[in-house]
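Architecture at a glance
Okay, here's what each chain looks like letter by letter:
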Amino acid sequence: MDLWRHDFWGTRLEHAGSHQSWRPLCVLSFRLNYFWSGLNPKSYHVVNVILHSLVTLCLTLLVQPIIRRRWIRWIVSLAFAVHPIHCEAVASIVGRAELGAALHTLVALLAYRAHLKARGRRRSRYQANKEAASNTKEDRRQQQEEEEEEKGDEERQRIGKKRKRIESLMESTTRAHRNPFENRQSLLSLFIRRVTICCCWSHPLKKIQYRVTSLTSASNNLHKRDQQQQRRHHQPDDQHDHHHQQKEDGDEFARKRWRSNDKKKTKKDEPLKKGFGCCCVYLWTSLTAAASAILWKETGMVAIPLCAVMELTQHFQVGSTRRQLPSNRQSSDRSNRHLVQQERCENKKTMAYGNLTLLGAVWAGQLGLRMYMLGGESTTALPWFAAADNPVSRDASLLTRTLTFLHLPAFNFGLLLWPAWLSFDWSMDSISPVTRFNDPRNVATFFFYAGLAALLTKTLNQFKERGGCRKHSKLIVTALSFLVLPFLPASNLFFYVGFVVAERVLYMPSIGFCLLLGAGLEKTMDLTQSKKCGPTKRDKFIRLMLTTCFGATLILWSVRTFQRNGDWSSEEQLYRSGIPINPAKAYGNLAAILAREHRQAEAEHAYRQALAHRPNMAETHFNLALLLQSQGRHQEASSSYLQSIHYRPNLAAAYLNLGLLLSKQQGQHEQAVHWLSACSQLDGSGVRDPQAHRHSQIQALVSWGQLELARGHPETSIQLYKQAIRRTPTNLQQVQLVYHSLAEAYQSVGNYLESERWFKAAVDQVQESNSRQQQQANTRQQYNKRTMKTASSGSDGLQTSRSDQVAAHLTYARFLAKNASRHDEAEQLFRQAQLMAPTDPAVYMLTGQFLLEASRPREAAEFFVRAAHLAPADFEAVFNAATTLREVKELDRAELFYRKAVQLRPDDVTVYRNLGALLHVKGQWREAEDNYQLALRLVPNDRVTLTNLNRLHQLVAGRSKSQQQPNVGVNNNSSPLTPQQATATTES
C-alpha cells in the first residue's frame, strides 16, 4: 500500500519536499521487474523497448482508418519509432512513466473508436426496427386488403397463362398421337411433353418459378429505379410522379413476397442486445485504460479529452447523418423520410452528448483524485521546485516570464523538427530567457503560433463549407490534439514545473507531430494526383522529391538515434554530451562519476569548471569538499563546506561533515559542537530528500554525544543518544550505532543493567530485520521463478543483514566477557556468531581474543589460525596466530606465520624482533642474528633487540663450554612478547 502514499522518488506525498509525482503503476512495474531479475539493468531496458514497440503498434492501428495510403501510414509509424527525441524516454529507465502513459492513452482511443463503430451499427439496427414497427393498424389492414386483391389478380393471370400453355401442349400431343411414325422424334417429343405437363402442376417447381420471377422482377425494378433517378432532373413533375408510381408498383410484389420470410428468419431483440453489450465493453475498456493512464504519469490525464475529440469528429463527420434507408424499408412519402432522418439526427446527438457527459464526469473525477493526491488533505498545494530547476519561474519581470514561456513551445517544436541538439538536462541557464521584444527568437515564436492558427482556421473553414468533418480534417484535428493537449501540463502556462525543457515530455506530443507529417504528405499526394488525364511530369517530380526528402529524414533520424543511444550507454558519456547545452550541471555530475572512479585530479577540475559556470551550486561545493577532505586538504574542505551551507542553509550533510572535520582538529572542539548542534536543529520542511536529512541529523546527535562522552560528560551524551532514538533512525546500521553508543555511555557510568538492555535491544532489532528479509525472500521464491543471478542478488541482501546481526552478537558478547561470571553466556554468543558467519575472520579473531583473555591459549591459537587462513592478507590475524602458537610451544607453525607477517609488513620492527627470538630459541642462531640486525636497522636503539642480540653473542662465544639453552625473551622485562604485543584488538 505504500505505492499510494509515496511519490515517484520514494518521498511521502504529504512531505513538503515531495515532487508530488504520483505514479503508482510505474513504481509497481519497477517492483515487478525487480522480482523478475533483481537489479540487472538489461531487463529494465528490455521492458522499456517492449513498451515503445507496443506504443508504435497502437499508433499504426490508430492511423489506419484516417490515412488512406498504406505507405504513408508506414512512414508515420517509422517516424515515431526512430525519432531521436524518444531516446531519453526509452533508454532511461525512469522514462518508463512516459511509455506507460502513452500506451494506455492509445489503448483507450482504440477501444473508444471500436465503441463508436459498435454504437453506429446498433443505432442503424434500432432505427430500422423502429421504422418497421411504426406503421399503424389501419395501414396494415389496408395493406393486407391490397395484397389480397393483387394476389387474386396475379393468380387469375397465372392460371390463364397456364391454361394457354397446356392447351398448346395438348394440341401438339394430339397431333403426335395421330401419326406417331411421321417423324423420328415424335415419340420422344410426346414423352417430354407429357412429363412437362405433369411437372407444371407440381408444388416445388411452382415455388421455384415464383421465386425466380420475383427476383428477376426485383432486379429489373432496381435497374429502372437507378435510371429514373439519373433522369429525374430532366423530367416534369407529373412525369416524375408517374414513374415513381410505376417503381412502387414494380417493387410491391418483391417487398410483399419476402416480408413474411424476413419476419420468420430474424429476431429483433438479439442483435440489439448483442450490440449493446459490445458498446458497453468497449466503452468501459476505454474508460479503464484512460483512468489507469494517469497512474503512470500526469500526462495520462489527456486520454479522456482525446476520446472527447474523437467523439466530436465522429459526430460531425460528413455523411454520417445522410445514410439511405434499405430499399425494402423506405417510406413512400418524402415528408416521412425527412422526419425519419431528423429523428435519426436527434438520436445521434443524444448519444454523443451522453457520452461526452460521461467522459466529462470521469475526467472530473480523475482531476479531483490527482489534486487530492497532489496536496494530501489540501487540494490547493502545488509542488515546490528549486530556482535552479526553472529560473524563469522566479524572475520578477512579467514580460520576461511571458515571452520566455511563449517561446518554449516553439523551441520544443524545433526539437521535434530537427533534433540535432539534445541533452539529459535543460535546467538552469541552458536556455537564456527572452527579456525584450526585439529578441530574434520572438520571430520563431510568432511563426509557430501563426502556423498553428492558420492550420486550425483552415480546418474550421472546411468544416463549415462541407457541413461536417471529412477524413483529412479528422486527421488534422487528431494531430493537433495530440500535439497540444499532452504538452499543456508541461508548458508552465497553468502552473510552474521543475524544468525548462525536458525531452521525455515530448514523447506523446511527438505522436501529433508524426500525424501532421502524414497529413502533409497525404495532402500533397492528393493535390498532385489528376483525376482526368493522370499525373503530369511535374506532379511525378514533386512526388519523387517529397518521397526522397521523407526517406532521407528517416535515415538521418535513425543515425541520430543511434548516436544518442551511444551517449546513454554510460554515465560519463552522457554527462560529457551535455556539456555544450548545460555545462554547470554536466560538469558537476561528471565530476561525481570521476571521483567515484578515483580519478581525483580530473574530478577536481570538473568541479572547478562547474562552479565557474554557476558558483551558487551548494551540492557541487559539498562534493568538492568531500574530495578535498579525502586528500587531507582540511582547510580547503572546511571552506567548501561553508560555501555549501551559505548557498543552501538546510543542507544537513554539510553541517555534519564540517562538525566531524573540526572535531578531529586540536582546539576546534567548541566549533565542532556548534556545527553538530546546528545540524540537529535544522528545519526539515522543503528538503529534497527528507530521509537523508533525518539520517544526517541523527548522526550529528551521535557524534555530539561521543564528543561529550570523551570530555567526561556521560549524562549529556545519554540525553543526546535518547534524542536520536526518538527521531527514529533511518536504517539498521544507524540503529545499532545509536544503541551501542547508549550502552557504552551507561557502561561508563557503571549502570550495567541499562547497558546490557541496550546491547540486547540491538541484537533483537537485527533479528527482527533478518526475519522480515527472510520472509520476503521466501515470498519471492514462492511466487517467482528466479534465475541464478537473481538468486545471488537476493542472497547478497540476506548476507548484509546477517553481517549486521553478527556485529550485534559480537558487541554484546564482548560486553559480557568483561564479567568473569558471565563467560559462558559470552562464549555462547561467540558460537552463535560463528554459525551465522562461518567465513568471517573477525568472528574468529574476537573469539580468539576472548579465549586468550580467559587463559585458554591453545584454543585461542586455533581460532587465530582459522582467521589467518580466511584472511591471509590480514597482518593482525597472521601475527596473532604466530604469537599464540609460540606461547603454546608450536614453534614450527609459529615460524611459518611469522615469515608470512614479514612479507605483509616488511618495515615492522616487531615482526623481525619476534622472528629473531623464535629462531634464537630453536637454535638457528645465524638467521636469528640476521633478523636482529634487520630490526636494529629499522630502529637502531631498540632496547629489547639489543638485549637479545647480546645474549645471542654470549651464547655463541660460550658454545664450546656449555650446551644449555639460553633463556631468551621469557620474562616481562626482556621478552619482545608482551600480552599487548601478542594480540591485536580489532573492532567489529
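Computed from a prediction, not measured in an experiment: that's the story for all the values here.

Rules used in this analysis
- Residues numbered from 1 in each chain as written.
- Predicted model: local features only at pLDDT ≥ 70, side-chain atom pairs only at ≥ 80, totals over all residues.
- Heavy atoms only, no water.
- Helix = DSSP H or I, 4+ residues; strand = E, 2+ residues; numbered from the N terminus.
- Contact = heavy atoms within 4.5 Å.
- Areas by Shrake-Rupley, 256 points an atom, 1.4 Å probe, with all protein chains shown as cover.
- Patch = residues over 30% accessible without salt bridge, like charges linked within 9 Å, V, L, I, M, F, W, Y side chains within 5 Å.
- Salt bridge = Lys/Arg side-chain N within 4 Å of Asp/Glu carboxyl O.
- Buried < 20%, exposed > 50% of the residue type's maximum accessible area, 1.4 Å probe, protein only.
- Expected span 1.5 Å × (residues − 1).
- Polar contact = N/O pair within 3.5 Å; in protein donor to acceptor, adjacent residues only side chain to side chain.
- Core = buried A, V, L, I, M, F, W, Y, C linked by side-chain atoms within 4.5 Å.
- UniProt positions renumbered as here; feature names shortened; annotations may be inferred.
- Phe/Tyr/Trp six-rings, centres within 6.5 Å; stacked < 30°, edge-to-face > 60°.
- Lys NZ or Arg CZ within 6 Å of the ring centre and 35° of its normal.

Here the focus is the overall build of the protein chain. Within the protein chain, the secondary structure is distributed over 38 helices and zero strands. Contacts in the protein chain between residues far apart in sequence, at least 24 positions, make up 66% of those at least 6 positions apart. For the protein chain, the accessible surface area stands at approximately 53800 Å², while carbon and sulfur atoms represent 56% of it.

Together, Val46, Ile50, Leu54, Leu57 and Leu61 line one region of the surface with nonpolar side chains, adding up to about 410 Å² of accessible area. As for its position among the elements, leucine 61 is in helix H2 (residues 41-63). By relative accessible area, which is 37% here, leucine 61 ends up partly exposed.

Before going further, it helps to examine the pattern of salt bridges. This structure, assessed with the given rule, holds 40 salt bridges. Arginine 899 serves as the salt-bridge partner of glutamate 927, at 2.9 Å between the closest nitrogen and oxygen. Of this pair, glutamate 927 sits in helix H36 (residues 925-938) while arginine 899 sits in helix H34 (residues 891-904), and the two are 28 residues apart along the sequence. The class of glutamate 927 is partly exposed, set by a relative accessible area of 36%. Looking at arginine 899, the relative accessible area reads 32%, which means it is partly exposed. Across the pair arginine 905 and aspartate 908 runs a salt bridge whose closest N-O atoms are separated by 3.7 Å. Among the charged side chains, a salt-bridge network with shared partners connects Glu572, Arg576, Glu597, Arg599 and Glu602.

Another aspect to go through is helix H35 (residues 909-922). The first and last C-alpha atoms of H35 sit 20 Å apart over 14 residues, in line with the 20 Å expected at 1.5 Å per residue. For H35, the buried fraction is high: twelve of the 14 residues fall into the buried class. Among the residues making up H35, those that are buried are Val909, Thr910, Val911, Tyr912, Arg913, Asn914, Leu915, Gly916, Ala917, Leu918, Leu919 and His920. At the N-terminal boundary of H35, the capping side chain belongs to aspartate 908, with an oxygen 3.0 Å from the backbone nitrogen of threonine 910. Directly beyond the C-terminal end of H35, a positive phi value near 90 degrees is found at glycine 923.

This next bit is on the nonpolar core. Generally speaking, soluble globular proteins have nonpolar side chains that are buried together. If you look at the biggest cluster of nonpolar residues, it comprises 116 residues, and the most contacted ones within it are Tyr641, Val806, Leu810, Tyr812, Leu885 and Phe897. With residues near it in sequence (within four places) discarded, tyrosine 812 still touches Glu756, Phe759, Lys760, Val763, Arg822 and Leu829. If you look at the next biggest cluster of nonpolar residues, it comprises 78 residues, including Val27, Ala97, Val392 and Leu408.

With that settled, the discussion passes to the UniProt feature "repeat: TPR" (unreviewed entry) in the protein chain. Here, the residues flagged by UniProt with the feature "repeat: TPR" (unreviewed entry) are residues 584-617, 618-651, 698-731, 841-874, 875-908 and 909-942. As a span, residues 618-651 carries 79% helix and 0% strand, and end to end its C-alpha atoms are 8 Å apart. With 82% helix and 0% strand, residues 909-942 has end C-alpha atoms that lie 9 Å from one another.

Here we take up the environment of asparagine 589. Examined against the element boundaries, asparagine 589 turns out to sit in helix H19 (residues 583-596). Each C-alpha atom of the pair asparagine 589 and leucine 574 lies 9.7 Å from the other, and the pair is 15 residues apart in sequence. Apart from the residues within four sequence positions on either side, asparagine 589 is in contact with Phe424 and Tyr575.

What follows is about the side chain of threonine 459. Its place among the elements puts threonine 459 in helix H14 (residues 441-466). In terms of polar contacts, threonine 459 uses its side chain to reach the backbone carbonyl oxygen of leucine 455, at 2.8 Å. Those residues in contact with threonine 459, other than ones at most four positions away along the chain, are Ser473, Ile476 and Val477.

This next bit is on the packing of aromatic side chains. The geometry of an aromatic ring pair comes down to the distance between the two centres and the angle between the two planes. Counted by the stated rule, this structure contains 19 aromatic pairs. Aromatic side chains phenylalanine 8 and phenylalanine 30 sit 6.1 Å apart centroid to centroid with 45 degrees between the ring planes, which places their arrangement in the tilted category. You can see phenylalanine 8 sitting in the segment before helix H1 (24-37) and its partner phenylalanine 30 sitting in helix H1, a full 22 residues away along the chain. Side by side, phenylalanine 8 and phenylalanine 30 carry an identical accessibility label, which is buried. Their ring planes at 50 degrees and their centres at 5.5 Å tell us that phenylalanine 413 and phenylalanine 448 sit as a pair that is tilted. Residue phenylalanine 413 is located in helix H13 (residues 398-417), and its partner phenylalanine 448 is located in helix H14; the two are separated by 35 residues in the primary sequence. Pairwise contacts between aromatic rings join Phe413, Phe448, Tyr449, Phe513 and Trp557 into one cluster. Just above the ring of phenylalanine 8 sits the side chain of arginine 23; from NZ or CZ to the centre is 4.9 Å. Its end group placed over the ring of tyrosine 844, arginine 866 keeps NZ or CZ at 5.7 Å from the ring centre.

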